[in-house]
Amino acid sequence: MTQPAVTQPAPSLLINRELSWLDFNARVLREALDERTPLLERLKFIGIVSTNLDEFFMVRVAGLRRQLAAGVVSTPPDGMTVLEQLEAIERRVKELTRMQRDCLHGQLLPELAGRGVHLCRMQDLTSPEWSAVDEFFESQVFPVLTPLAVDPGHPFPYISNLSLSLAVEVHDKAEGTVHFARVKVPKSLPRWVPLARPNHFVPLEQVIGANLGDLFPGMEIAGWYAFRVTRYTDLDLGSLEDPDDLLATIEEQVFKRRFAEVVRLEVQDDMPEHLRGLLLNELRDEAAAADDTEIQGHPLGERDVHEMGRLLELGDLIQLATLDIPDLRDPPFSPGVPEEVRDTERSLLSVIRERDILVHHPYDSFGATVERFVAEAAEDDNVLAIKLTLYRTSGDTPIVRALTRAAERGKQVAVLVELKARFDETNNITWARTLENYGVHVAYGMPVLKTHAKTAMVVRREPDGIRRYVHVGTGNYNSKTARVYTDIGLFTASPSIGADVSDLFNMLTGFSRQRLYRKLLVAPANMRVRFLELITREGDHARAGRPSRIVAKMNSLVDAETIGALYEASRAGVEIDLIVRGICCLRPGVPDVSERIRVRSIIGRFLEHSRLWYFGNGGQEEYYIGSADWMPRNFDRRVEAVVPVEDVALHGRLRRLLGTGLADDRQAWELDAEGGWRQLSPAGEGTVASHRAFMRDAWGLPEDAIPAEALPRPLRSEQAVGAPAGED
């Protein structure tokens, strides 16, 4: 397979990856600022911004700091040096955190207070509330706390990643000295302590701060201030090229990660300079003592200190956003059950044998489709084998239980568990061992490649021979994320696709250098080349005067070679629409380069996660769905699977999915040639909001909204197919 020749774009034609990601986070933050969004949902978006930035610092900023310390001089395709990126990130992050802080304290908390939801300070409490909080402290909090003094006999304590701590100054009147101590705010206790008044809470750190005298009897508390550190947390994959035991190696890496260098120090605004200096010096000394030149080469400095206001760890606000106050939240939504599978007396496999089925989560029930697919296969006496990839699992789910049940019944069950799924390594190790204990054949993926493909296969003995039933999707086999991520899945009994998925699993669990596939686009084998061919083909159609069109929906567009191919297709006359939720390094609308390319991003109630591609192909339309974004890591460093949707009866639904996204004027943003994002606002009465439109479709409602009273469980809910209560 020969790769089409593509011209690499000039650096000026590309947007920096890191800054584009921060722009995405700014769009998320706008949901918190948008008065059209219910108040508690706005609070949720403040929390999401915070957790997003945590991950950004743990991985991306930490990686850049290590490159700088190591003297790396290579630059990304956009031409920015490592130092230039770090300086630009610093400016942008401080702007975002200021906006976040102003939004929370200047808008959301006052507006919530006006609606009866109060985040109180200790001085706001009544006398009875003080007594109740004191009793709570003595019985529930005090036994858990461990004050750690810092003096010649007590070295500065290790500060765990993302833990909220109190820096306490203690005055010993007898000695006339001032000492420093650290008190960790335990994650095992509720961050927001409820008061007797409904929907009134006080932060746990304030409860601890008001009772520090109990921890240091006979001492005077001169002051306390909250702080938090962020550490480098990416796995050192370079050391995994040929491990004897991948599971043990990943466990070792996860353990080492706990002690990695600090890359960010968050503090209360009013923390005194001498305390900030003490924390910085101690954290620098920790790094200097480490046997790691990359850590020592770029020490923590003042620019790495972030003033966060009076509240830190804002990700915990997501807990408050779940308060049961319907007027302040999005209307409830339960997924529908696709018409094709509503007859629960009929086997789902028999339906798939007759025709392909397309599902769109969370609008289509995950339990009534994907979980039912695996559960039926586990109980079917004619099913011989079940194979499935697990990138992230939500734990003891119907899928995991069905796999263990199938293994107990003597079926061959093979599961590829990706141990390197970022931040889910420990969880995946636990479930891998659990599955092995039940007799499931567990493979751990490959050392240098992450298995990110979303594939499941059921092998069944039938009167006319062995038949494979396959699910290929865009999302993880995770019941929790299936409620809030938009994803697409295809069920098919196509012999050629089934054979390809068999080859893919054999490559994952055995020894194989399989590169040729009948239908699937598989990374790193053929996906990059095949996508470049499809883009180039559209350009050929345009030059020949045939119908040409590209519409692509994905999470991120970073790969410079693919961007170059899109630029060339635009020059050839191809009309291109890109729906990119997160990072987009392409510049649309550049004269003589990308005039025919438009880029939009959709942000809202659900997280846009589906990947879908449309190619006009001279009138012979083609649609593809799968697990990969257009990023170097997806093409070159991950195992990915993309499948063509060949049943033309399903094309109408995919066409509507893309068309709705392109018509959205409520949740959509548009990117310009300078890299700026503009939020759309509806003109006139014809507002189109993607998520609302798809919820309406799921319930067959003609109205333009989903009123709460229209959403009790009807016959199309999961309850109708016998799903366990609580699995919705």
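Our structure's up above, just so we're on the same page.
As the structure is a computational prediction, the values presented were derived from the model and not from experiment. Residue numbers here run from 1 along each chain, matching the order of that chain's written sequence. Restriction of local features to residues with pLDDT of at least 70 applies here, the model being predicted, together with a cutoff of 80 or more for giving and counting side-chain atom pairs; totals for whole chains, interfaces and linings are based on all residues. Hydrogens are left out, water is left out, and the side-chain values use all remaining heavy atoms of the structure.

1. A look at the pairing of strand E24 (residues 622-626)
Operational definition: Think of it in three bands: with a 1.4 Å probe and only protein chains considered, a residue is buried below 20% of the maximum accessible area for its type, exposed above 50%, and partly exposed in between. Each helix corresponds to a stretch of at least 4 residues labelled H or I by DSSP, and each strand to a stretch of at least 2 residues labelled E; elements are numbered beginning at the N terminus. We treat two strands as partners when DSSP finds at least two bridges between them.
Across the five residues of E24, four count as buried, placing the element largely inside the fold. Where strand E23 (residues 612-615) meets E24, four bridges bridge the pair, whose relative direction is antiparallel. What sits directly across from Tyr 614, in E24, is Tyr 623.

2. Concerning the packing of aromatic side chains
Selection criterion: In summary, the pairing rule links any two rings of Phe, Tyr or Trp, Trp by its six-membered ring, whose centres are within 6.5 Å, and it sorts them by plane angle into stacked for under 30 degrees, edge-to-face for over 60 and tilted for everything else. Charge over a ring is defined by NZ of Lys or CZ of Arg lying within 6 Å of the ring centre and within 35 degrees of the ring normal.
Applying the stated criterion across every chain, the model contains 15 aromatic pairs. Ring centres of Tyr 363 and Phe 694 lie 5.4 Å apart, and the angle between their planes is 50°; this geometry places the pair in the tilted category. With Tyr 363 in the loop between strand E10 (357-361) and helix H12 (367-379) and Phe 694 in helix H20 (residues 690-699), this residue pair connects regions lying 331 residues apart in the sequence. According to the relative accessible area criterion, Tyr 363 is buried, its value standing at 2%. Taking the relative accessible area as the measure of exposure, Phe 694 reaches 10% and is therefore buried. Relative to Trp 630, the ring of Trp 613 has its centre 6.2 Å away and its plane inclined at 25°; by these criteria the two rings are stacked. Placement of Trp 613 in strand E23 and of Trp 630 in the loop between E24 and helix H18 (632-636) is noted, with a sequence separation of 17 residues between them. In this pair, the class of Trp 613 matches that of Trp 630, namely buried. Here a set of aromatic residues connected by ring pairs shows up, and it is made of Trp 21, Phe 24, Phe 56 and Phe 57. Across from the ring centre of Trp 677, 3.8 Å away, lies the NZ or CZ of Arg 27, which sits over that ring. A cation over a ring is seen here: Arg 66 above Tyr 232, with NZ or CZ 4.1 Å from the ring centre.

3. A few points about the sheet that holds strand E1 (residues 118-119)
Strand order in the open sheet formed by three strands is E1-E6-E5, and the pairing between neighbours is mixed. Either end of the sheet is taken by a strand with one partner, and the two such strands are E1 and strand E5 (192-194). In terms of strand pairing, E5 meets strand E6 (residues 200-203) through three bridges, oriented antiparallel. In the sheet register, Pro 194 faces E6, and the bridge partner there is Phe 201.

4. Focus: the nonpolar core
Stated precisely, the cut-off is as follows: Side-chain atoms within 4.5 Å link the members of a nonpolar core, which is a set of buried Ala, Val, Leu, Ile, Met, Phe, Trp, Tyr and Cys residues. Any two residues having at least one pair of non-hydrogen atoms within 4.5 Å are treated as being in contact.
In this structure, Phe 531, Leu 557, Leu 566, Leu 578, Leu 586 and Trp 630 are the most contacted members of the largest nonpolar core, which totals 91 residues. The element contributing the most residues to this core is helix H2 (residues 39-69), with 12 residues. The contact partners of Phe 531, leaving out residues within four places of it in the chain, are Leu 521, Trp 613, Phe 615, Trp 630, Phe 635 and Val 642. Counting residues in hydrophobic clusters, the runner-up holds 46 residues, among them Leu 416, Ala 453, Met 507 and Phe 606.

Everything listed is a geometric property; what it means functionally is a separate question.
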